[in-house]
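Analysis of the macromolecular model
Here is what each chain is made of, one letter per residue.
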Amino acid sequence: MMDWTDNHFRSLARLISRKSWLYTEMIVAETIVYQQGNLDRLLEFPDFQHPIALQLGGSNLENLAIAARLANSYGYDEINLNCGCPSSKVAGHGCFGARLMLDPVHVGDAMQAIASECNVPVTVKCRIGVDDYDSYDQLFDFVSTVSSKSPTQHFIIHARKALLKGLNPEENRSVPPLKYEYVFALIRDFPELQFTLNGGIVNIGQVKDALSKGAHGVMMGRAAYKSPWITLAKVDREVYGISKAGITRRQIIEQYEEYASSVVGKYGPLKSSIRHVTKPLLHFFHAEPGAGLWRRAVDESLRQSESFHELLKETLKVLPDSVLDSPPSYEMLDNSSIAVGPLPLNSRTCFQLASAL
């Protein structure tokens, strides 16, 4: 998510969950190619963020290959190509973002170009369709073409189609209906591939339900950003089965302060500022007593604090100790499930089955 999953939020997320895979915000391949003097600022990340995937945006095969080669030396665990962003700034700028789904042959060539310049798995993030290119047959053909033309074995699929005209990016995350059945049909039809479900997942109960139905993984975006403690603090135990002593928000903040103090001003007086490293914490106390009071205190402190340590010292005192020092609660886990309609059939597969009878 552009301007959301930056280095600072990813560092906070990793401190909360030791096992979740982290994805960078989308970085345009041309930005990497033409900013080779600033690659550390663009691509460097703390070693403790592993496992982490770099998400690239773009369609030019040469530039995608160069970007993958330059990024490879930074040690990412996966390189992902964005074929799902519906923003007019992306999809309307040539063949880019979600518009790439209209040309699966080109996407396959792009994935091959990326894979040839890196030594880690390559993956695709996409929608279930674009505009009127939204049948299950067309999605089936997209996956089949890309996976056969490249080493791509893993697709992360937002279970909504993208409407490139008439809807803004926010509306594209809610107006097109969710069709989880398309993703589970792919799981049925491509048992040799891996599929991660994205879109509309807001709690750990839904994550566990999707995994139980056969999804390889579940990607959470804004839900994790807007309530990181409620979601990420429970992932390691509930999803990965790792039993550990309950960590508290005060302990997380103490660890995050160490990271934040090491990066403030690292790339100049404005890169990164105290405001930048504070931003990921603004939702850390979501729905807790004193959360609103704390955010107001932060807003005031940002105008006068000379260090991140000073900001924390002046603002955390407005929060109850019970909020700061309580571990995650597992007593009221949301056990809600996801709604999956009848799984669609691929017409070619149906024809082959009928012919065999």
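Residues numbered from 1 in each chain as written. Predicted model: local features only at pLDDT ≥ 70, side-chain atom pairs only at ≥ 80, totals over all residues. Heavy atoms only, no water.

**What about the overall build of the protein chain?**
- Helix and strand counts for the protein chain stand at 19 helices and 8 strands.
- In terms of principal-axis extent, the alpha carbons of the protein chain reach across some 70 × 50 × 40 Å.
- Expressed as a percentage of its 357 residues, the buried residues of the protein chain come to 51%.
- Pairs at least 24 residues apart make up 73% of the contacts formed inside the protein chain by residues separated by at least 6 positions.
- Between the averaged position of the 36 positive side-chain charges in the protein chain and that of its 39 negative side-chain charges there is a distance of 3 Å. (Helix = DSSP H or I, 4+ residues; strand = E, 2+ residues; numbered from the N terminus. Buried < 20%, exposed > 50% of the residue type's maximum accessible area, 1.4 Å probe, protein only. Contact = heavy atoms within 4.5 Å. Lys, Arg positive; Asp, Glu negative; His and termini not counted. Charge placed at Lys NZ, Arg CZ, Asp CG, Glu CD.)

**What to know about the state of the cysteines**
- Taken as a whole and judged by the stated rule, the model has 0 disulfides.
- Sulfur of Cys118: no disulfide; nearest cysteine sulfur belongs to Cys83 and is 15 Å away.
- Taking the relative accessible area as the measure of exposure, Cys118 reaches 13% and is therefore buried.
- Here Cys126 is not cross-linked by a disulfide; its sulfur's nearest cysteine counterpart is in Cys83, at 6.7 Å. (Disulfide = S-S within 2.5 Å.)

**Observations concerning the packing of helix α16 (residues 291-301) against helix α17 (residues 308-315)**
- Packing of α16 against α17 brings their axes to within 9 Å, and their N-to-C directions diverge by 140 degrees. Relative to α17, α16 is oriented oblique. α17 is crossed by α16, and the crossing has right-handed handedness. Between α16 and α17, the contacting residues are Trp294, Ala297, Val298 and Ser301 on the first element and Leu311, Glu314 and Thr315 on the second. (Axes fitted to C-alpha atoms, helices over the stretch in contact; angles between N-to-C directions. Parallel < 35°, antiparallel > 145°, perpendicular 65-115°, else oblique. Left-handed = near helix turned anticlockwise from the far one by under 90°.)

**Topic: the pattern of salt bridges**
- Scanning the entire structure with this criterion turns up 13 salt bridges.
- Two residues, Arg249 and Glu288, come together in a salt bridge whose shortest N-O distance is 2.7 Å. Of this pair, Arg249 sits in helix α14 (residues 249-263) while Glu288 sits in the loop between α15 (274-278) and α16, placing them 39 residues apart in sequence.
- A salt bridge links Lys317 to Glu314; the shortest N-O distance between them is 3.4 Å.
- Residue class for Glu314 comes out partly exposed when judged on its relative accessible area of 38%.
- The network of salt bridges with common partners includes Lys208, Arg237 and Glu238. (Salt bridge = Lys/Arg side-chain N within 4 Å of Asp/Glu carboxyl O.)

**Digging into a nonpolar patch on the surface**
- On the surface, a nonpolar cluster with roughly 280 Å² of combined accessible area is contributed by Trp21, Tyr240 and Ile242.
- Here Trp21 is to be found in the loop between α1 (7-16) and β1 (22-23). (Patch = residues over 30% accessible without salt bridge, like charges linked within 9 Å, V, L, I, M, F, W, Y side chains within 5 Å. Areas by Shrake-Rupley, 256 points an atom, 1.4 Å probe, with all protein chains shown as cover.)

**Quick word on the nonpolar core**
- Judged by nonpolar contacts, the single largest core of 100 residues is most densely connected at Ile114, Phe142, Phe195 and Phe285.
- In contact with Ile114, other than residues within four places in its own chain, are Leu56, Leu64, Ala68, Ile79, Leu81 and Val122. (Core = buried A, V, L, I, M, F, W, Y, C linked by side-chain atoms within 4.5 Å.)

**Describing the environment of Asn346**
- Mapped onto the secondary structure, Asn346 falls in the loop between α18 (321-325) and α19 (347-356).
- Relative accessible area serves as the criterion here: at 2%, Asn346 is assigned to the buried category.
- Taking the C-alpha atoms as reference, Asn346 lies 31 Å from Ala53; in sequence the two are 293 residues apart.
- Filtering out sequence-adjacent residues up to four positions away, Asn346 remains in contact with Tyr136, Asp137, Phe140, Arg188 and Asp189.
- A polar side-chain atom of Asn346 sits 3.2 Å from a polar atom in the side chain of Asp137. (Polar contact = N/O pair within 3.5 Å; in protein donor to acceptor, adjacent residues only side chain to side chain.)

**Here we look at the packing of aromatic side chains**
- Going through the model one piece at a time under the given rule, you end up with 13 aromatic pairs.
- Measuring from ring centre to ring centre gives 4.7 Å for Phe140 and Phe190, while their planes differ by 40 degrees; the resulting arrangement is tilted. A residue pair is termed long-range when its members are at least 10 positions apart, and Phe140 in helix α7 (residues 136-149) and Phe190 in the loop between α9 (180-189) and β7 (194-198) qualify at 50 residues. You'll find Phe140 and Phe190 in the same group, each marked buried.
- Ring geometry for Tyr256 against Tyr259: centres 5.6 Å apart, planes inclined by 40 degrees, an arrangement best described as tilted. (Phe/Tyr/Trp six-rings, centres within 6.5 Å; stacked < 30°, edge-to-face > 60°.)

**Considerations on α7**
- Between its first and last C-alpha, α7 extends 20 Å over 14 residues, near the 20 Å set by a 1.5 Å rise per residue.
- Along α7, the positions that sit buried rather than exposed are Tyr136, Leu139, Phe140, Phe142, Val143, Thr145, Val146 and Ser147. (Expected span 1.5 Å × (residues − 1).)

**So, unusual backbone geometry**
- Across the junction of His50 and Pro51, the peptide omega takes the value 0 degrees, indicating a cis bond.
- Of note in this structure, Ala287 is not a glycine but carries a positive phi near 70 degrees.

**Comments concerning the side chain of Asn82**
- As for its placement among the helices and strands, Asn82 is situated in strand β4 (residues 78-83).
- A polar side-chain atom of Asn82 sits 3.0 Å from a polar atom in the side chain of Gln55.
- Side-chain polar atoms of Asn82 contact the backbone nitrogen of Gly84, separated by 2.9 Å.
- Leaving out residues up to four positions away in the same chain, Asn82 has contacts with Met26, Gln55, Leu56, Gly97, Leu100 and Lys125.

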